[in-house]
Structure formats: structure tokens, C-alpha cells
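Spelled out, the chains give:
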Protein chains: 2
Amino acid sequence: MSLHDPDLDRIFQALGDPTRRALLARLLEGPAPVTVLAGPTGMALPTVLRHLAVLEAAGLIASEKRGRTRLCAVQVGALAATEHWLNRQRAIWEGRTDRLEALALSLEAQDDAVRPDDRS
Amino acid sequence: MSLHDPDLDRIFQALGDPTRRALLARLLEGPAPVTVLAGPTGMALPTVLRHLAVLEAAGLIASEKRGRTRLCAVQVGALAATEHWLNRQRAIWEGRTDRLEALALSLEAQDDAVRPDDRS
DNA sequence: CAAAAACTTAGCCAATTCGCTAAGTTTTAG
DNA sequence: CTAAAACTTAGCGAATTGGCTAAGTTTTTG
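Predicted model only: the values in this text are computed from it and were never measured.

Draft legend 1. Main features of the pairing of strand 3 (residues 69-74) of chain B. Residue and element names in this part refer to chain B. Summarising the sheet, strand 1 (residues 32-33) and strand 3 pair through two bridges and their orientation is antiparallel. Paired with Pro33 across the strands is Leu71, a residue of strand 3. Inspection of the sheet shows strand 2 (residues 61-66) paired to strand 3 by six bridges, in the antiparallel sense. Note that in strand 3 the partner of Glu64 across the bridge is Leu71. Remark: two residues form the turn of the hairpin made by strand 2 and strand 3, two consecutive strands paired antiparallel; Gly67 in that turn has positive phi of roughly 65 degrees.

Below, the structure is given as C-alpha cells:
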């Protein structure tokens, strides 16, 4: 499980763009309409709108139409899920590190760690 | 700072692909040569090699040529840096959440949170 | 030394991504 | 009711991505 988690795909991909991280950072200070978010980016509105759509598809933000403006706000859940995944990965690493530190990239490593069983 | 961190770009983008997360997960169990890593993916070797190159460019793994094989191993530093970034973002959110929870997506939010100062 | 193993390089292709401009649409202001 | 504001949709073009096959190159094995 979680080896091919589409949610995780979308979240990481969304965070992989500096413009989107900037938008998210701005939203962490409070909700804002699209035009306000677009301001600092110096980008055209449709461009920013698509970045926001990516963030929303990833569950990182939510938005709601209020009259003629759309108000966007952070949705911290996805961020927490991501942290959780990273935590788990690092935990796995740290659980093994005592056993591996002696051989990482060393001679035995090649023959010893290569086939501890490849349960696909 | 960190609004346009190329390292963060590469790390998140690298983690945004399920194949690469699977490769990383496999490497968390111990170092392995390219062919072994390629096995479970069912992909052609050059394809896997490029995924590994992406992971390495992001600093998530390291690799070393040993004879005719290349041994790959996790480099946990980048993972930790990513966790750190996420932690910081969530901390910002949680620091504001008390102030914002009352207005998130509400009426005042629009006019009040829009211009707390936009230091770009 | 001949050949197999394990990459490595060099393309090719389809799909996606990131930016843009131009032309709607829907609300609100006058 | 007209017009400005604030999206929204449509579509375009260059660049990147993710997959492949084919043809090297370097080591090891027989």
C-alpha cells in the first residue's frame, strides 16, 4: 500500500513548483481571493488560476465562490498526510540504519543487501 | 527565503512519481544495484536509470560504481530537509489557526485577511 | 580472448506542464 | 442599464517528463 498513492502523487507534484509553494505560503497567512494571490507572482491570472487548481486537486487548499470573487484557503490535512508519509519513511530508514551504517556502500553491502528477498 | 528553493523543487518533484517513491522505499531496506532495483518495476533499464538519476539529483540517494555494477543507497538528509520544510509550514498554519478558525472562508475573511501586508 | 552481464548513451514518441493571449461570463457599482 | 471587476474558458507554443528501443561501453567470467 501507498506505493502508488495518487493522492501523494498530486501532493508532491503540487509542492514541486516554487510558484505553488509561494501561493501556499501566502495562504498560510490567511484566506485570499485569486487576484490578491496573483499580485506578487507577476503572472497572468489564468496561469495563477491553474496553479491554484493544482493545489486544490491535491487537497492542499479549498476555494469557494463569493459573489464575483473566489476566496481560497489552506486545507492543512494534505500537508499533515505528507508529513506522515515522510515520517514513516524516515522511521524505516532509522530502524535500519544501525544495521546498515556499517556496510552502506561498502564491500559486503553489494552481496549482502542486494537480495534480502525481493517481495516485489 | 525558501520561496524559490531549487533543492526543494527537485526533492518534491522527485517524490511526486510513484515509481521513484517505490525505488526509494526499496532502498530504505538497504543498498542495491540498478538491475535489482529495476526488477519489481517491470520497466526497461534506461527508464529506471533515469528515475534513479532524478532521485540522485534531488539528493535523496547516492550511487557509486563498483566494478560493472552501480550500487545505490538512500541519503536521508534530503528527506529530513523536506520534513523540516513541511513542519515549518504547518507550524505557521497552526500559529494562525486560532486567529483564523473563526473566519476561514467567512465574510470578514475576505476583507480582513487579504492585506495583512504583502511583503512579496 | 570471446561472450555475457550490467550499465550507459542516444534517440524517439506521446502526454503533460507552464507560460501566454484573447474572448467569454457573472457580479457588482454607478 | 452600462460598464468595470473578477474570474473562467479556450487554445496556443515551447519545454519537460516518462516510457521505449537500439546501439554502445566497461567488467567479469569461461
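Draft legend 2. Inspection of the packing of aromatic side chains at higher detail. This model, assessed by the stated rule, comprises three aromatic pairs over all chains. Ring centres of Phe12(A) and Phe12(B) lie 6.0 Å apart, and the angle between their planes is 35 degrees; this geometry places the pair in the tilted category. Highlighted residues: Phe12(A) in helix 1 (residues 6-15) and Phe12(B) in helix 1 (residues 6-15), drawn from two different chains. On the basis of an interplanar angle of 70 degrees and a centroid distance of 5.4 Å, the ring pair of Phe12(B) and Trp85(B) is categorised as edge-to-face.

Draft legend 3. Fine view of the sheet that holds strand 3 (residues 69-74) of chain A. Residue and element names in this part refer to chain A. Pairing is antiparallel in the open sheet, where three strands are placed in the order 1-3-2. Each edge of the open sheet carries a strand with a single partner, namely strand 1 (32-33) and strand 2 (61-66). The sheet strands contacting helix 2 (residues 18-27) are strand 1, strand 2 and strand 3, and the helix crosses strand 3 at an angle near 90 degrees.

Draft legend 4. Local environment of the sheet that holds strand 1 of chain B. Residue and element names in this part refer to chain B. Spatially, three strands are ordered 1-3-2 in an open sheet, and the strand pairing comes out antiparallel. Across the chains shown, the open sheet's two edge strands, defined by having one partner strand only, are strand 1 and strand 2. Contacting strand 1, strand 2 and strand 3, helix 2 (residues 18-27) runs over the sheet at an angle of about 90 degrees to strand 3.

Draft legend 5. The protein's contact with DNA strand D, seen in detail. Of all residues adjacent to DNA strand D, which total 22 residues, the nearest are Thr35(A), Arg68(A), Arg70(A), Thr47(B) and His51(B). Counting only atoms of DNA strand D within 4 Å of the protein, the fraction found in sugar and phosphate groups is 67%. Contacts to DNA strand D include Thr35(A), whose side-chain N or O atom sits 2.4 Å from a phosphate oxygen. In the model, a phosphate oxygen of DNA strand D is placed 2.6 Å from a nitrogen or oxygen of the Thr47(B) side chain. Contributing elements (two or more residues each) for the surface near DNA strand D: helix 3 (34-41), helix 4 (45-57) and strand 3 of chain A together with helix 2 and helix 4 (45-57) of chain B. Examining the composition of the surface near DNA strand D, we find that four residues originate from one element, helix 4 of chain B, more than from any other. When grouped by side-chain class, the residues that make up the surface near DNA strand D number eight nonpolar, seven polar and seven charged.

Each value, and the rule that gives it
- Residues numbered from 1 in each chain as written.
- Chains lettered and ligands numbered in written order.
- Predicted model: local features only at pLDDT ≥ 70, side-chain atom pairs only at ≥ 80, totals over all residues.
- Heavy atoms only, no water.
- Pairing = 2+ DSSP bridges.
- Helix = DSSP H or I, 4+ residues; strand = E, 2+ residues; numbered from the N terminus.
- Phe/Tyr/Trp six-rings, centres within 6.5 Å; stacked < 30°, edge-to-face > 60°.
- Contact = heavy atoms within 4.5 Å.
- Axes fitted to C-alpha atoms, helices over the stretch in contact; angles between N-to-C directions.
- Near = heavy atom within 4 Å.
- Polar contact = N/O pair within 3.5 Å; in protein donor to acceptor, adjacent residues only side chain to side chain.
- Nonpolar A, V, L, I, M, F, W, Y, C, P; charged D, E, K, R; others polar.

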